Amino acid sequence: MTAAKLDALVVRATVRIGPGEDPAKLWGSGFFVAPGWVLTCAHILPPGPDPEYPVTLRVQGHGGLDTRARPAYRLGGGTDPEQDLVLLRLAEDVDHACVRLTDRYDPPLAVTAHGWRVPQGGAPQRWSGQTECNGKDGAYGLTLAPQVEIPHGASGGPLLDRTRGLVAGVVKARRAQRDGGLAVAATALRGFRHAVPVGGEHGLGADPYAGLIRAHDTWHQRAGGGLSWVRAQDELCRGEARRWGPRDSADASALLAVLPRPRSAAELQGLVERVLGDEPLWEDELAPRDWRDGHGWLYDHPEGADLVSLHYLRAVARACADRAPDAAADLERWVGRRAADLPDHLRALLMGVAAWASAGPDETHGTAAGPRAGAHDEDDDEGPVVAVELEPDLFRPHDRFHWRIWTWIGGPDTVRAVDEGTDGEGASLAELPYLLNEPLTRTFGRLDSERRARLEVALPVEHFGVDAHLWRPGPVVRSLRPHPAERPFGVHRQVVLRCLKRRGEPAAVWRERWHGFAGGVPKALPVSSDAYAAHALDSAPPGAVPVLCRPPAQSTGPLAEAVAAGYGVVLWNGRAEHPHGCGEDCGELQGRAAELLGSTGRATALPERLRALRERVSLADADADWAEHLALLYDDPRRPIPLCDDLLESP
């Protein structure tokens, strides 16, 4: 009876889509995923003269449902499965059922495809077919075994996982000259985080994926009676011993839905790693982006999905306690009530879990009671970091470099090596912005939230003339009016340099200098010549920041001496050539730098102050022109570049 009940619920939520003026014409199928929102394939809609103009559609379904709708969010077009999705918004409020989407990352096995078709010379009618998911096609494509022939018109319909009782994908297409077909995995919905709004749509907020999933989970918690999908799922699980059932999952998802989003995907992924006690081997497209996604990685844990899920939920509550105390407290109370079903020893273990679960061993994000008292490092205040390590080639140290990318989401214990170059020949400095574009875009996508991750470039002092702040995401922009995120990195995110020589455990003098810098208001230390540098750098008080008016090509010696003397922060002008000694520009640089440092209330805010200056330059603010070529060494000993056993220069 359970299979029939779930099929009936799918039928209630599945619709046919056609032109607004012709109720008998079928373009394709779709299904309700949240109140007022229909998911379907973009390719079923006819191409219009302007993709930004929302055409009027007709949506028809169970119980005489017949209403107008329009495209609201699309994923940019293209033939890949992850691009072939669109969300339609109903023009009016009507009662309807919604499917329940899987939160799992693994593909289903036994499935039923649902949709509509038009028989030869007949009217549109419902269709369904049972088959198996027998493989993957790309990041999000699910291949369907040749046990069923998908008819024209079924594209856009739901793919039901019959074993788990959840919709696991969207029917996409039949395969030419063969039975079977292709579906789009539900994980592709995460692409709606960056969906293109159509016609000025903003109903799902800044993150359409999060807005949609929250509306979906809230609906399923409230749905009762014959429309309760969760009740039908529960019948699949009757008679099983201690477990994490559909009602548990639905209640937990609804409680997660009212919490603020993770600060970044990296924060969420780090939390999942700590709860599991292991680093999941997730591919980029399967890595969790929202709290609900993280929950989808917990079902098959050997300790039991109930114990690990409750552990995860408690950790999430602690992570959100400072931003949403009431909602986090509701989640904590629910965890406490559900934990009563655990054996005594497991309940005691769970409820004794310390606050490190939400912040990691270094407690960088604090606990439910707030950040650790007296914390001075302020790693959490500075946000996540992406560091590009550039190691000169052993045989061509001035021409070619090998690269590796590191990330931190908190203190030193959160460091991860996420990517590295595999070309034994290395790359030139001119080639690096293009080679690094794809891995940096992917890495920033994981770490960025309201606060964009800082970019740190670690390389030898003699190459400090690199203009890393002028790198940008992509060799070309996508329009004549590019999105702000397509401007040079230095405009919209902090970009600083680091000294490659300082890999590994920080030296005592470096730590002492940094403590003096971070503990008070920094003061400018003018360094005008090589002869002056040695004495000035050695005798300067704590908190001094050397300011060099010559570019690195003319001040490699003073820069190297500053590093040797323990300075973690240095400013210089990257373009001011000095063929005849210092001039008025040097005096302006020193004066302006002194003002900048003196007005920086918190010393560790200096990278953000420099970013703001670069943004003002990009907006043609003449008063910021002095900082156009200003560069910053910001070498934080609290997060040193790790030493690696394998040298990057080894081909």
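Cut-offs and rules
Residues numbered from 1 in each chain as written. Predicted model: local features only at pLDDT ≥ 70, side-chain atom pairs only at ≥ 80, totals over all residues. Heavy atoms only, no water. Helix = DSSP H or I, 4+ residues; strand = E, 2+ residues; numbered from the N terminus. Contact = heavy atoms within 4.5 Å. Areas by Shrake-Rupley, 256 points an atom, 1.4 Å probe, with all protein chains shown as cover. Phe/Tyr/Trp six-rings, centres within 6.5 Å; stacked < 30°, edge-to-face > 60°. Lys NZ or Arg CZ within 6 Å of the ring centre and 35° of its normal. 1 Å grid on protein atoms, 1.4 Å probe; cavity = no way out; pocket = protein on both sides within 12 Å on 5 of 7 lines; lining within 4 Å. Points joined across faces, edges and corners; volume = space filled by probe spheres on them. Nonpolar A, V, L, I, M, F, W, Y, C, P; charged D, E, K, R; others polar. Salt bridge = Lys/Arg side-chain N within 4 Å of Asp/Glu carboxyl O. Buried < 20%, exposed > 50% of the residue type's maximum accessible area, 1.4 Å probe, protein only. Pairing = 2+ DSSP bridges. Axes fitted to C-alpha atoms, helices over the stretch in contact; angles between N-to-C directions. Parallel < 35°, antiparallel > 145°, perpendicular 65-115°, else oblique. Core = buried A, V, L, I, M, F, W, Y, C linked by side-chain atoms within 4.5 Å. pLDDT = per-residue confidence, 0-100.

## Thoughts on the overall build of the protein chain
Part 1 of the argument: Counting its regular elements, the protein chain contains 19 helices and 22 strands.
Part 2 of the argument: Across the protein chain, every contact between residues at least 6 apart in sequence was considered, and the portion connecting residues at least 24 apart equals 67%.
Part 3 of the argument: If you sum the accessible surface of the protein chain, you get close to 27,900 Å²; carbon and sulfur atoms cover 51% of it.

## Comments concerning the packing of aromatic side chains
Describing an aromatic ring pair means giving the distance of the ring centres and the angle of the ring planes.
Part 1 of the argument: Taken as a whole and judged by the stated rule, the model has eight aromatic pairs.
Part 2 of the argument: Every member of this aromatic cluster is reached through a ring pair, and the members are Trp 514, Phe 517 and Tyr 634.
Part 3 of the argument: Arg 502 extends its terminal NZ or CZ atom over the ring of Trp 510, reaching a point 4.6 Å from the ring centre.

## Focus: the layout of surface pockets
Part 1 of the argument: Estimates place the volume of the second largest pocket at around 490 Å³.
Part 2 of the argument: Looking at the second largest pocket, it is lined by 24 residues, and the ones nearest its centre are Glu 273, Glu 279, Arg 416, Val 418 and Arg 446.
Part 3 of the argument: The set of elements that each furnish at least two residues to the lining of the second largest pocket consists of α5 (265-276), β16 (416-420) and α13 (437-447).
Part 4 of the argument: Residues of the lining of the second largest pocket, tallied by class, amount to ten nonpolar, five polar and nine charged.

## Side note on the pattern of salt bridges
Part 1 of the argument: Per the stated rule, a full pass over the model turns up 44 salt bridges.
Part 2 of the argument: Put simply, Asp 635 and Arg 502 hold a salt bridge, and the shortest N to O gap is 3.3 Å. With Asp 635 in the segment after β22 (630-634) and Arg 502 in the loop between β18 (495-499) and α15 (508-518), the pair connects residues that are 133 residues apart, well separated along the chain.
Part 3 of the argument: Judged by relative accessible area, which is 9%, Arg 502 ranks as buried.
Part 4 of the argument: When salt bridges that share partners are traced, they join Arg 104, Asp 106, Asp 161, Arg 164 and Asp 300 into one network.

## Section: the pairing of strand β8 (residues 125-137)
Part 1 of the argument: As judged from the eight bridges shared by strand β7 (residues 110-117) and β8, these two strands associate in the antiparallel manner. Paired with Gly 115 across the two strands is Trp 127, which belongs to β8.
Part 2 of the argument: One ladder, built from four bridges, connects β8 with strand β9 (residues 141-144); its direction is antiparallel. When the sheet's bridge partners are listed, Gly 135 is paired in β9 with Thr 143.
Part 3 of the argument: Counted along the chain from β8 to the antiparallel partner β9, the turn is three residues long, and its residue Gly 138 has a positive phi close to 80 degrees.

## Concerning the sheet that holds strand β11 (residues 166-174)
Part 1 of the argument: Ordered in space as β7-β8-β9-β12-β11-β10, the six strands form a closed barrel in which the pairing is antiparallel. Mean inter-strand twist for the sheet, computed between neighbouring axes without regard to direction, equals 45 degrees.
Part 2 of the argument: Across five bridges, β11 lies against strand β12 (residues 181-185) in antiparallel orientation. The residue of β12 that forms the bridge with Val 171 is Ala 183.

## Some details on the environment of Val 11
Part 1 of the argument: Summarising the element assignment, Val 11 is placed in helix α1 (residues 2-13).
Part 2 of the argument: Beyond its immediate stretch of four places on either side in the chain, Val 11 contacts His 62, His 114 and Arg 126.

## Topic: the packing of α5 against α13
Part 1 of the argument: Where α5 contacts α13, the two axes come as close as 5 Å, and the packing angle between them is 75 degrees. In terms of orientation, α5 and α13 fall into the roughly perpendicular class. Contacts between α5 and α13 involve Ala 265, Ala 266 and Gln 269 from the first element and Gly 445, Arg 446 and Leu 447 from the second.
Part 2 of the argument: Residue composition of the contact of α5 with α13, grouped by class: three nonpolar, two polar and one charged.

## Structural notes on the nonpolar core
Part 1 of the argument: Core analysis: the biggest nonpolar cluster contains 50 residues, and Ile 17, Val 33, Trp 37, Leu 39, Leu 87 and Phe 192 have the highest contact counts within it.
Part 2 of the argument: Filtering out sequence-adjacent residues up to four positions away, Leu 87 remains in contact with Val 33, Trp 37, Val 38, Leu 39, Arg 70, Pro 71, Ala 72, Tyr 73, Phe 192, Leu 204 and Leu 212.
Part 3 of the argument: By size, the runner-up hydrophobic cluster in this structure holds 43 residues, among which are Phe 444, Val 461, Leu 497 and Tyr 567.

## Quick look at the environment of Leu 271
Part 1 of the argument: For Leu 271, the position within the fold is in helix α5.
Part 2 of the argument: The sequence separation of Leu 271 and Tyr 312 amounts to 41 residues, and the corresponding C-alpha distance is 7.9 Å.

## Quick word on the confidence of the model for the protein chain
Part 1 of the argument: Averaged over every residue, the pLDDT of the protein chain is 85; residues scoring 70 or more account for 88%.
Part 2 of the argument: For the stretch residues 354-380, pLDDT sits under 50, and the model shows 52 contacts to residues farther than four places along the chain or on other chains.
Part 3 of the argument: The low-confidence segment residues 645-651 (pLDDT under 50) makes 14 contacts with residues lying over four places distant or belonging to another chain.

## Some thoughts on empty space enclosed by the protein
Part 1 of the argument: Scanning all chains against the criterion turns up nine cavities of 30 Å³ or more.
Part 2 of the argument: A volume near 140 Å³ is recorded for the largest cavity.
Part 3 of the argument: Lining the largest cavity are 17 residues; nearest its centre among them are Val 466, Asp 467, His 469, Arg 614 and Ala 631.
Part 4 of the argument: Of all elements in the fold, only β18 and β22 reach the threshold of two or more residues within the lining of the largest cavity.
Part 5 of the argument: Looking at which element gives the most residues to the lining of the largest cavity, the answer is β18, with three residues.
Part 6 of the argument: When its residues are assigned to classes, the lining of the largest cavity shows nine nonpolar, four polar and four charged.
Part 7 of the argument: If you add up the space inside the second largest cavity, you get close to 110 Å³.

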